Every structure is written in C-alpha cells, then in structure tokens.
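Breakdown of the fold
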Amino acid sequence: MAKGKTTAFFCSECGYESSKWMGQCPACRAWNTMVEEPVAKASSSPGGRGRAGGPQRPAAYTRPSLLSEISLEEQDRIPTGFKELDRVLGDGIVAGSLILVGGDPGIGKSTLLLQVCRHLAADGRRVLYISGEESLKQIKMRANRIGPVSGELRFLCETNLDRIEQALEAEGPQVAVIDSIQTMYREEIASAPGSVSQVRESTGLLLQIAKSRGMAIFVVGHVTKEGVVAGPRVLEHMVDTVLYFEGDRNAAYRILRGVKNRFGSTNEIGVFEMEEKGLAEVENPSEYMLEGRPQDASGAVVSCSMEGTRPILLEVQALVAETSFGMPRRTAAGTDYNRVNLLMAVLEKRCRYEMSRLDAYVNIAGGMRMNEPALDLAIVMALMSSYKDRPVDPGMLIFGEVGLSGEVRAVSQAAQRVYEAAKLGFTSCVLPKVCLDRMKPVPGIKLIGVSTVREAIGIL
Ligand code: TYD
Ligand code: MG
C-alpha cells in the first residue's frame, strides 16, 4: 500500500475538507468545528472534490430532455394518512423525494414514521422500514401498541448501507424509511457511523437511490444540543424536504415543522398529540393551546401566530419583578430573547417605564416556540399587565408588530387571525390601526385599532 495521509479534517458545520487542522473553517467561518476523520483511499477522487458532490455519477451519458417529454406522473402525491403531515409535506409524499425528519431522541420520530408506513401498506403500497437502532422485536412491540398492520410492510435491521442498497433494489418499495442516518455506514468510508463523512456519503447514496428508482425515502436524523440535525449542514442542502419534530417532552403535543421543502411551502406546521396508541392529529390547535388557561391573572395575554396558512392562538405570559441583584435577569422561553430585550427597551425609552430595574420572564405557554413579530404587541401588553398588576380581559386577542419608535406596525393576514379568535368566542381584538382600516367588520368581535404602544397600554 502506498504511503499517504489516511486522515483528513472535516468541518462538522458545513462539511469542508482540509488536510490539516484549523481553528476556523475557511468555508463557513465557524470556530472549532474541524474534526479529524479517517479517509479511505478508494473513495477520494483527485483533489478530494468528488467527495463533496455526494453520489458518484455513472459514466454513461443520458440525453437531456425537452420539457414536453417529461411526464409529471411521477410527481403524484401519496397521502400519508395524516392530514397534518400531508399539509407540511405540501399535499403528500412526492415519489423520488428524500425527506429528512429531525428531532430530539424520544420525541416520536420512529412512532410517526411507523404509523405512516402502516397506513401506506394498508393502502396497498410496498413499504420497507429499515432500522439501525432497534431490533425486530422492539419494532414489533411498538407496532403492537399502535394497532394491527396489514399489507406489504416489511422490516429490516441493518446498518450497512451497501447491503441496504441491495435490499432496496431487490424489494423495490415505493416508500422506505431509514431510521437514523447516524447509525448507517458505508464500508468504503473508514470513519465511524455518525461522523461527518459517513453521514454525508450515506445521504448521498440514499439520494441517488431515491432519484434513480423514484422511491420516496424518509431519513431520520438526530439533532444536536443546538437544535440542528447532527452532521454537516450540507445534509440539509442535499435532501428535498427537511421536517423538524419538536415539542416539550413533558407536554403531550408535538409539532412537526417544515423548514425546507422543494415541493411545497415551508413554515407549515402539523400538530400531533402523543397518546397511548401512538400519535393522533390535533384538529383544532388553538383550542388545544388555550386549554386550562388562567382567568383574570395579570401578565397573561392571548395572541395569534400564523404558522404557514394556519392561524394558531396561544398564550403569552410575562412576569416582571423588582431585581434583587445589580443586573436584572431576563429570560424568554419559546420566543426570541433579544426581541424581549428590545421590546423592554422600547417601553423604557418611548413610554418611560423603568424597565432597567426589573427582572422579566416571558414565556409562551405550553412550550410552543413562536418567533413571529406579530407577537410583539402581546409581549409588550403581557409585560405591562404584570408591571401594573392588572389582568387583561380574557376575551381579548392582541397582535401587532412593534417598531423601535414605539409604533405598532401592520402584520400579514390580520383578518384570518381575527376570524380564528371569533370562532373561539373571543369578544374583542387589539390590532394595528393600519390593519383595521383595511378590514371589514367581523360579527361578534369588537376591533380596536392602535397605532402606538402607548395607545395600546391605555387599554389596560
Ligand atoms: P419514539 O418514536 O421512539 O421516539 P424517537 O424515534 O424520536 O426517538 O418515541 C418514543 C416515545 O413515545 C416514548 O417515550 C414512548 C412514547 N410512546 C407513547 O407515548 N405512545 C405510543 O403509542 C408509542 C409507540 C410511544
Ligand atoms: Mg427512534
């Protein structure tokens, strides 16, 4: 064997490859992300450039097609059995697509995909579920909880991707699931499963299989502490769709969020509830989120966030208290910390409330994560309600974006938010004046337009 380097350094953020260690990745400028991994001679093409490209191209040349020659039949959408999931995917699974499902361990990724597989099989499709994490017995135990399985749903325990490729070739399923990309490995890559190069090369191979055989493949990926799928960022660029399954471990509901979708809109969310017999869809998330909210408590405000095409009502809570140290403490759970600081600065400077002496805790009830600027006004009102210890009318909805000069700015789809509130029996709504001027009156709900934060606080 010729003497040469058998290891290289890879950036765990973006996948950049280098022959020596560096403190900062020259490609993505991240610090301290270079990790050393063995490289196999066979798979690295000259210059190392072939590696980043993922699938190896066959040498034969295929003739480019005219648009009129391309049939759209293959784009047919396959329903998953969950309306919530279909909507996030953009109306069902697209044949030949590679879908990454990320989430914390134990959040319910395997359960969700098993339920999808079960439905697809019952619909007469060939489905193959490949697990590298659980034994066949464990899968069967889970399946027993969910319910009877019929049709062509097969299971395989395997972590060697070359063998998985053969199984996929031989079985020819229409939909396959790879349960956790971090457990898969290719023999020609010398590094351990879950390492940057393994994850990247494995995804490359799966992409090639999905595209060449028109097979839809779901890939499960674990997330790191920072909340991104473990492995290089290139993983997200390679796949067609990235879904995140999130939620508070202690609460029963789970949210499936589309963060990238080549075949539909992103920002859509699907809401599920983890039950004894697997995941169930939550048909009316607003009602669900507001369940058991305190009446007449100060610091609690109901607001509305648009998630994709759907308005969701939620409760914003705030607690402000005199600080007992020199430095006030601020926390924001479920929303942007910097945004909360900014809003408090607006209150301090534009409305002359002494916020700099106060600790502030802001929370979106139920462990939801929402970052829409339309929540600004609700956060401000919740802070002020707590500050003045005066409860906000529980039948009041508040939304609007707050600007740095203390003005309340327009938000999109105001009418839809108001309709959602009216549907749930809310009786009044504080909204940006600009939005009110463009809206028709809604029966049963009193609309109050405000153009500054000061005006809004006057309502308290
Ligand atoms: P799982 O799908 O194994 O999570 P992941 O694949 O994301 O790691 O989910 C496991 C959790 O879900 C576990 O805590 C048990 C719970 N669970 C239920 O509450 N009901 C059920 O019917 C099933 C199958 C699991
Ligand atoms: Mg799992």
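Residues numbered from 1 in each chain as written. Chains lettered and ligands numbered in written order. Predicted model: local features only at pLDDT ≥ 70, side-chain atom pairs only at ≥ 80, totals over all residues. Heavy atoms only, no water.

On to the packing of helix 9 (residues 337–351) against helix 10 (residues 376–388), then. Between helix 9 and helix 10, the least distance of the axes is 10 Å, while the angle of their chain directions is 60 degrees. Here the hand of the crossing between helix 9 and helix 10 comes out right-handed. Where helix 9 approaches helix 10, its residues R339, V340, L343, M344 and L347 are matched on the opposing element by D376, I379, V380, L383 and M384. Among the residues forming the contact of helix 9 with helix 10, the class breakdown is eight nonpolar, no polar and two charged. (Axes fitted to C-alpha atoms, helices over the stretch in contact; angles between N-to-C directions. Helix = DSSP H or I, 4+ residues; strand = E, 2+ residues; numbered from the N terminus. Left-handed = near helix turned anticlockwise from the far one by under 90°. Contact = heavy atoms within 4.5 Å. Nonpolar A, V, L, I, M, F, W, Y, C, P; charged D, E, K, R; others polar.)

Turning next to the site of ligand 1. Taken together, 15 residues form the shell around ligand 1, and within it G106, S110, T111, E275 and G278 come nearest. I107 places a main-chain nitrogen or oxygen 3.4 Å from an oxygen atom of ligand 1. Between ligand 1 and the protein, one listed contact pairs an oxygen atom with a backbone N or O atom of K109 at 2.8 Å. Its free accessible area being 560 Å², ligand 1 has 76% of it covered by the protein chains. Elements supplying a minimum of two residues to the shell around ligand 1: helix 3 (109–122), helix 4 (136–146) and strand 13 (269–275). Top contributing element to the shell around ligand 1 by residue count: helix 3, with three residues. (Near = heavy atom within 4 Å. Polar contact = N/O pair within 3.5 Å; in protein donor to acceptor, adjacent residues only side chain to side chain. Areas by Shrake-Rupley, 256 points an atom, 1.4 Å probe, with all protein chains shown as cover.)

Segmenting the protein chain into domains produces domain 1 (7–37), domain 2 (77–283) and domain 3 (288–458). Relative to domain 3, the C-alpha centre of domain 1 lies at a distance of 43 Å. (Domains from an automatic or database assignment.)

Along any regular strand the residues' side chains alternate between the sheet's two faces. Within strand 15 (residues 300–307), eight of the eight residues are buried, leaving the element largely enclosed by the surrounding structure. On strand 15, burial covers both faces: A300, V302, C304 and M306 on one face and V301, S303, S305 and E307 on the other are all buried. As consecutive antiparallel partners, strand 15 and strand 16 (residues 310–322) are separated by two residues, and within that stretch G308 has a phi angle of approximately 65 degrees, a positive value. (Buried < 20%, exposed > 50% of the residue type's maximum accessible area, 1.4 Å probe, protein only. Pairing = 2+ DSSP bridges.)

Taking strand neighbours across the sheet as the criterion, the nine strands line up as 8-7-9-10-6-11-12-13-14 in an open arrangement whose pairing is mixed. The strands lining the two open edges of the sheet, one partner per strand, are strand 8 (153–157) and strand 14 (278–281). In this sheet, neighbouring strand axes are inclined to one another by 25 degrees on average, regardless of whether the strands run parallel or antiparallel. As defined by bridge partners, strand 9 (residues 175–179) adjoins strand 10 (residues 216–222) across four bridges and the pair is classed as parallel.

Now for the packing of helix 5 (residues 161–171) against helix 6 (residues 196–213). Two numbers describe how helix 5 lies on helix 6: the axes approach to 11 Å, and their chain directions differ by 10 degrees. Judged by the inter-axis angle, helix 5 sits roughly parallel to helix 6. Across the interface between the two elements, L161, E165, L168 and E169 of helix 5 pack against S202, L205, L206, I209 and R213 of helix 6. Across the contact of helix 5 with helix 6, the residue classes break down as five nonpolar, one polar and three charged. (Parallel < 35°, antiparallel > 145°, perpendicular 65-115°, else oblique.)

Take the environment of V302 next. In this fold, V302 is placed in strand 15. Look at V302 and you get buried, because its relative accessible area is 3%. The spatial distance from the C-alpha of V302 to the C-alpha of V316 is 6.0 Å, given a sequence separation of 14 residues. Residues in contact with V302, not counting those within four places in the same chain, are L290, R293, L313, L314, E315, M396, L397, I398 and F426.

Here we have three strands laid out as an open sheet, ordered 2-1-3, and antiparallel in their pairing. The open sheet is flanked by strand 2 (17–18) and strand 3 (34–38), the only strands paired with a single partner. Sheet analysis places strand 1 (residues 7–11) next to strand 2, joined by two bridges and oriented antiparallel. What sits directly across from F9, in strand 2, is S18. Against the sheet, helix 6 touches strand 1 and strand 3, its axis set at about 75 degrees to strand 1.

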